[in-house]
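Below are the chains, spelled out letter by letter.
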Amino acid sequence: MQIKKAIIPAAGLGTRFLPITKAIPKPMLSVVDKPTIQYIAEELSSIGVEEIIVVVSPGSDIIKNHFGPAEDLEKRLLSDGKTALYEIERQTQKFNVKFVVQEEANGLAGAILCAEPLVKDQPFALLLGDELLYANKGETPCIKRLADIFEQTGKSVIATMEVFGDDVSKYGNIGIAEENDGVMQVYDIVEKPSINEALSNNAVIGRYVLSGEVMGMLKTLKPHGNEIYLTDALKVLAERGDLLASCFEGERYDVGDKLGYIKANVALALKSEELGSDVAEYIKNLAETLK
Ligand code: G1P
């Protein structure tokens with residue numbers, strides 16, 4: 001079954017990244033010259049979804065403005081003969097983006113439920129707005145890999161990576177039973193466990209393709225304090241053998257974290273045709289001074 005809808009939660013408070021996140025949502029932070037959320041929309045182009053639903057916080061129009069029209073700017077670029085810049089600006093408008101508001105900061109599942117009127121009981125892709133997954137030439141974008149597995153098996157599938165030490169407690173954590181062609185069966189999942197409670201070194205990262213029943217399951221979950229956990233619904237799927245996991249190709253950056261954000265900017269600047277060689281030279285010279 002083809003995935004037609006994608007949800008990008010973008011209403012987080014971003015407290016790890018204050019003060020910039022006071023007025024600017026984390027997914028709008030720029031990596032080189034593009035906001036993270038545009039990289040995510042481009043990742044989604046690999047599976048050709050019909051609609052991207054962005055979950056925003058109340059009163060936040062900045063993401064809407066980014067994907068919306070800009071007639072005056074376009075006219076000016078064209079009259080100045082800046083056609084390459086015009087094309088870059090037009091690229092931001094090629095996505096079919098809808099917006100829903102998350103009134104209450106009630107966790108990841110709360111954000112997903114805000115998109116329920118648009119998704120209903122259809123399967124959907126879920127891409128967390130503060131993670132940038134970069135596929136190099138020849139690599140399969142992370143969400144494409146998950147969508148392919150979903151289409152082949154009909155089962156929900158999550159992306160995973162190995163983590164160690166204190167990092168284990170920063171992520172959802174999965175127990176995996178078998179591996180076939182890089183596809184793992186998940187038998188259990190726990191949200192941000194202590195090192196002793198962890199099931200393995202496999203962390204859940206912010207890319208998911210979820211079956212249509214998940215939306216209904218979320219409605220029945222009991223909150224933990226203020227928050228509803230997606231992990232609680234995934235646990236039900238895992239225990240009945242209906243949850244798969246896969247590693248991803250390429251690079252992952254946690255752009256909601258200051259160090260992760262800086263790494264993303266350096267790595268992508270080095271890959272940039274326009275800036276790559278100048279940035280490499282700058283970094284080499286700088287590294288000399290650090291010895
Ligand atoms: C969420 C999920 C967690 C997952 C993480 C990936 O947590 O609840 O299971 O490992 O995203 O980034 P958050 O980072 O929103 O606290």
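Notes on the structure in this doc start here. These figures come from a predicted structure and were not determined experimentally. (Residues numbered from 1 in each chain as written. Predicted model: local features only at pLDDT ≥ 70, side-chain atom pairs only at ≥ 80, totals over all residues. Heavy atoms only, no water.)

Things to note about the site of the ligand
As a matter of local geometry, the ligand sits amid L128, E131, Y171, G172, E191, K192, V204, G206, Y208 and T231. At 2.8 Å, a backbone N or O of G172 approaches an oxygen atom of the ligand. Here an oxygen atom of the ligand sits 2.7 Å away from a polar atom, N or O, in the side chain of E191. Among the elements that make up the shell around the ligand, the one with the highest residue count is strand β11 (residues 202-210) (three residues). Residues belonging to the shell around the ligand are distributed by class as follows: four nonpolar, three polar and three charged. (Near = heavy atom within 4 Å. Polar contact = N/O pair within 3.5 Å; in protein donor to acceptor, adjacent residues only side chain to side chain. Helix = DSSP H or I, 4+ residues; strand = E, 2+ residues; numbered from the N terminus. Nonpolar A, V, L, I, M, F, W, Y, C, P; charged D, E, K, R; others polar.)

Observations concerning the pattern of salt bridges
For the structure on display, the rule yields 19 salt bridges. We note a salt bridge from E42 to K34, for which the minimum N-O separation is 2.8 Å. Here E239 ties to K235 by a salt bridge, and the two come within 3.3 Å at their closest N and O atoms. You can see E239 and its partner K235 sitting in helix α9 (residues 230-239), four residues apart, about one turn around the helix. A residue is classified by how much of its surface remains accessible, and K235, at 29% relative accessible area, is partly exposed. When salt bridges that share partners are traced, they join K5, E51 and K98 into one network. (Salt bridge = Lys/Arg side-chain N within 4 Å of Asp/Glu carboxyl O. Buried < 20%, exposed > 50% of the residue type's maximum accessible area, 1.4 Å probe, protein only.)

Looking at the pairing of strand β4 (residues 51-56)
The buried fraction of β4 amounts to six of the six residues, a majority that puts the element mostly inside the structure. Taking every second residue as pointing to the same face, both faces of β4 are buried, with E51, I53 and V55 on one and I52, V54 and V56 on the other. Pairing of strand β1 (residues 5-9) with β4 involves five bridges; the strand directions are parallel. Each residue of the ladder has a partner; that of K5, found in β4, is E51. (Pairing = 2+ DSSP bridges.)

A short note on the nonpolar core
Grouped together as the largest cluster of nonpolar side chains are 39 residues, with contacts concentrated most on L44, V54, A125 and V209. At the level of secondary structure, the elements contributing two or more residues to this core comprise β1, α1 (36-45), β4, α2 (62-67), β6 (124-127), α7 (142-153), β8 (156-162) and β11. It is α7 that provides the largest number of residues to this core, a total of six residues. Setting aside residues up to four positions removed in sequence, V54 forms contacts with I8, A10, I37, I63, V97, K98, F99 and V100. (Core = buried A, V, L, I, M, F, W, Y, C linked by side-chain atoms within 4.5 Å. Contact = heavy atoms within 4.5 Å.)

With respect to the environment of R252
Relative to the helices and strands, R252 is located in strand β13 (residues 251-254). By relative accessible area, which is 16% here, R252 ends up buried. In this structure the C-alpha to C-alpha distance between R252 and D278, which are 26 residues apart in sequence, comes to 24 Å. Each residue touching R252, except ones within four places of it in the same chain, is listed here: E131, L132, L133, M161, Y171 and I205. Within the local environment of R252, its side chain forms a polar contact with the side chain of E131, the two groups lying 2.8 Å apart.

Structural notes on the packing of helix α10 (residues 258-271) against helix α11 (residues 276-290)
Two packed helices can be described by the angle between their axes and the distance between those axes. Here α10 crosses α11 at 125°, and the two axes come no closer than 6 Å. The angle between α10 and α11 falls in the class oblique. Along its contact with α10, which presents V266, A269 and L270, the element α11 presents G276, V279, A280 and I283. Taken together, the residues that form the contact of α10 with α11 break down as six nonpolar, one polar and no charged. (Axes fitted to C-alpha atoms, helices over the stretch in contact; angles between N-to-C directions. Parallel < 35°, antiparallel > 145°, perpendicular 65-115°, else oblique.)

Focus: the packing of helix α3 (residues 71-79) against helix α4 (residues 83-91)
Look at α3 against α4: their axes get within 8 Å of each other, and the N-to-C directions meet at 155°. By the angle between their directions, the pair α3 and α4 is classed as roughly antiparallel. In this structure, the crossing between α3 and α4 has a hand that is left-handed. Seen from α3, the contacting residues are L73, E74, L77 and L78; seen from α4, they are T83, L85, Y86, E89 and R90. Considering only residue class, the contact of α3 with α4 consists of five nonpolar, one polar and three charged. (Left-handed = near helix turned anticlockwise from the far one by under 90°.)

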